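# Breakdown of the fold
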Amino acid sequence: MRQDLEPVEQCEFFHAHEEIVKKVMRAMPGEEELYDLAELFKIFGDSTRIRILYVLFESEMCVCDIAQLLNLSQSAVSHQLRLLKQSRLVKSRREGKTVFYSLADDHVRTIIDQGKEHIEE
């Protein structure tokens, strides 16, 4: 066990508080919804994807521009954008032969901003 972690406190005896347990069980989302939420948060678990989202906070951009800005290969950026798009965090539009990416909606910025606020506390 790591020295810097405190032990988790536990009840000294087992006694379930039935009304509280029932209330919480009614409020809990279903397993599928919890799974989807966990999958969404996994997407935020990669600093390259977070960097791409920060870029898209400022402007709609194509893969080439994002790659140059972040000093990454176009292949790496495309791969991450595909994951972000599958998670409905970014959207794309085609203009001739160029595909431009942008944030899917304001929720993305809100999620990042709240995470940033939390780590700065």
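Structure's up top.
Below is a short write-up of the structure.

Reading the values: the criteria
Residues numbered from 1 in each chain as written. Predicted model: local features only at pLDDT ≥ 70, side-chain atom pairs only at ≥ 80, totals over all residues. Heavy atoms only, no water. Helix = DSSP H or I, 4+ residues; strand = E, 2+ residues; numbered from the N terminus. Rg over C-alpha atoms; globule rule 2.2 N^0.38 Å. Buried < 20%, exposed > 50% of the residue type's maximum accessible area, 1.4 Å probe, protein only. Contact = heavy atoms within 4.5 Å. Areas by Shrake-Rupley, 256 points an atom, 1.4 Å probe, with all protein chains shown as cover. Lys, Arg positive; Asp, Glu negative; His and termini not counted. Charge placed at Lys NZ, Arg CZ, Asp CG, Glu CD. Phe/Tyr/Trp six-rings, centres within 6.5 Å; stacked < 30°, edge-to-face > 60°. Lys NZ or Arg CZ within 6 Å of the ring centre and 35° of its normal.

This part is about the overall build of the protein chain. Broken down by element type, the protein chain carries six helices and three strands. Moving toward the C terminus, one meets the helices and strands of the protein chain in the order α-α-α-β-α-α-β-β-α. Against the globule reference of 14 Å for 121 residues, the protein chain gives a C-alpha radius of gyration of 20 Å, more extended than a compact globule. Classification of the 121 residues of the protein chain by burial places 22% in the buried group. In the protein chain, once contacts between residues fewer than 6 apart in sequence are set aside, the share between residues at least 24 apart is 49%. Summing over all exposed atoms, the protein chain offers an accessible surface of approximately 10000 Å²; the carbon and sulfur share of this is 53%. If you average the places of the 16 positive and of the 22 negative side-chain charges in the protein chain, the two averages end up 10 Å apart.

What follows is about the packing of aromatic side chains. Tallying each qualifying case throughout the model produces two aromatic pairs. Sitting above the plane of the Phe57 ring, Arg109 keeps its charged end 4.4 Å from the centroid.

Next up on the list: unusual backbone geometry. If a residue is not glycine, its phi is most likely negative; likewise, a peptide bond is most likely trans. We note that Asn71 has phi near 55°; this positive angle belongs to a residue other than glycine. In this fold, Asn71 is placed in the loop between α4 (63–70) and α5 (74–86). Its identity is not glycine, yet Arg88 carries a phi of approximately 60°, on the positive side. With respect to the secondary-structure elements, Arg88 resides in the loop between α5 and β2 (90–95). When its relative accessible area of 69% is taken as the criterion, Arg88 is described as exposed.

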